[in-house]
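A look at the structure
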Amino acid sequence: MENDPAARNALEVFLLYPCIHALIWYRAAHYFYNHKMFFIARLISQTSRFFTGIEIHPGAKIGKGLFIDHGMGVVIGETAEIGDDVVMYHGSTLGGTGKDKGKRHPTIGNNVMIGSGAKVLGPITVGDGSKIGANAVVLKNIPANVTAVGIPARVVVPKSKQQESPIIKKENVININKFCGE
């Protein structure tokens, strides 16, 4: 209810929000996955996908407070790790980049926002407090507390902040002020 101003009451959220249903089914599927009952885990996750349009692999690790707004088309891969209080919008993907074995999906920090249609791909890390813009394609690590946009995604830093951030390389920065007419 904290993340959606359209939510009127807890009963409405519990009964009518596909994010809640997908996460409840994910928790059950994750339990079976962790106990090596892979078939039942995948059966639960695929049933959840059918009813909610949200695909969460039972092997993913999800912290508390994940909110998937308008969840249709959201995909969370097997080795993805999601921190606490993350917001994902419709059509976003935490996916792999091939058929590699082992860790092949992103690790998302706490308090991250992933915009509509964004694709975060590969065994990369998105730092705490960062924002991924709509339709961005993230293929490299994103530091904490920044905004990344574009294809491929690059960090956007207001001109006033560019001098303060030694972590961010100039070639990976878009000066947002030029888009704002300053």
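Values in this document were obtained by computation on a predicted structure and should not be read as measured data.

Digging into the overall build of the chain
For the chain, the count of helices and strands is 4 helices and 16 strands. Looking at the chain as a whole, 42% of its 182 residues are labelled buried. Long-range contacts, defined here as pairs at least 24 residues apart, represent 26% of the contacts in the chain between residues at least 6 apart. Accessible surface computed for the chain: about 10400 Å², of which carbon and sulfur atoms make up 59%.

Regarding empty space enclosed by the protein
Inspection of every chain in the model, using the stated rule, returns 1 cavity of 30 Å³ or more. Computed from the structure, the largest cavity encloses a volume of approximately 40 Å³. In this structure, the largest cavity is lined by Ala22, Tyr26, Ser45, Ser48, Arg49, Ile54, Glu55 and Ile56. When contributions to the lining of the largest cavity are tallied by element, the ones reaching two or more residues are helix 2 (18-34), helix 3 (38-52) and strand 1 (55-56). Ranked by the residues each element gives to the lining of the largest cavity, the list is headed by helix 3, at 3 residues. Per-class residue counts for the lining of the largest cavity are 4 nonpolar, 2 polar and 2 charged.

A short note on the pairing of strand 15 (residues 154-157)
Strand direction decides the pairing type here: strand 14 (residues 147-149) and strand 15, joined by 3 bridges, are antiparallel. Bridge pairing links Val149 to Arg154 in strand 15.

Side note on the UniProt feature "transmembrane region" (unreviewed entry) in the chain
As recorded in UniProt, the feature "transmembrane region" (unreviewed entry) lies at residues 14-33. Its end C-alpha atoms 25 Å apart, residues 14-33 is made of 95% helix and 0% strand.

Some remarks on the confidence of the model for the chain
On average, residues of the chain carry a pLDDT of 86, and 83% of them reach 70 or more. Counting interchain partners and residues more than four positions distant, the pLDDT-below-50 stretch residues 177-182 has 5 contacts.

Section: the sheet that holds strand 4 (residues 75-76)
Across the sheet, which stays open at both edges, the 5 strands sit in the order 1-4-7-10-13 with parallel pairing between neighbours. Edge positions in the sheet fall to strand 1 and strand 13 (137-138), since each has one partner strand and no second. As paired strands, strand 4 and strand 7 (residues 93-95) are joined by 2 bridges and run parallel to one another. Pairing of Val75 across the sheet is with Thr93, part of strand 7.

Observations concerning the pattern of salt bridges
Scanning the entire structure with this criterion turns up 3 salt bridges. Across the salt bridge formed by Arg104 and Glu78, the nearest N and O atoms sit 2.6 Å from each other. With Arg104 in the loop between strand 7 and strand 8 (107-108) and Glu78 in the loop between strand 4 and strand 5 (81-82), this residue pair connects regions lying 26 residues apart in the sequence. Across the salt bridge formed by Glu81 and Lys103, the nearest N and O atoms sit 3.5 Å from each other. In this pair, Glu81 sits in strand 5 while Lys103 sits in the loop between strand 7 and strand 8, placing the two residues 22 residues apart along the sequence. Overall, the relative accessible area of 31% leaves Glu81 in the partly exposed class. The class for Lys103 is partly exposed, based on a relative accessible area of 35%.

Basis of the calculations
Residues numbered from 1 in each chain as written. Predicted model: local features only at pLDDT ≥ 70, side-chain atom pairs only at ≥ 80, totals over all residues. Heavy atoms only, no water. Helix = DSSP H or I, 4+ residues; strand = E, 2+ residues; numbered from the N terminus. Buried < 20%, exposed > 50% of the residue type's maximum accessible area, 1.4 Å probe, protein only. Contact = heavy atoms within 4.5 Å. Areas by Shrake-Rupley, 256 points an atom, 1.4 Å probe, with all protein chains shown as cover. 1 Å grid on protein atoms, 1.4 Å probe; cavity = no way out; pocket = protein on both sides within 12 Å on 5 of 7 lines; lining within 4 Å. Points joined across faces, edges and corners; volume = space filled by probe spheres on them. Nonpolar A, V, L, I, M, F, W, Y, C, P; charged D, E, K, R; others polar. Pairing = 2+ DSSP bridges. UniProt positions renumbered as here; feature names shortened; annotations may be inferred. pLDDT = per-residue confidence, 0-100. Salt bridge = Lys/Arg side-chain N within 4 Å of Asp/Glu carboxyl O.

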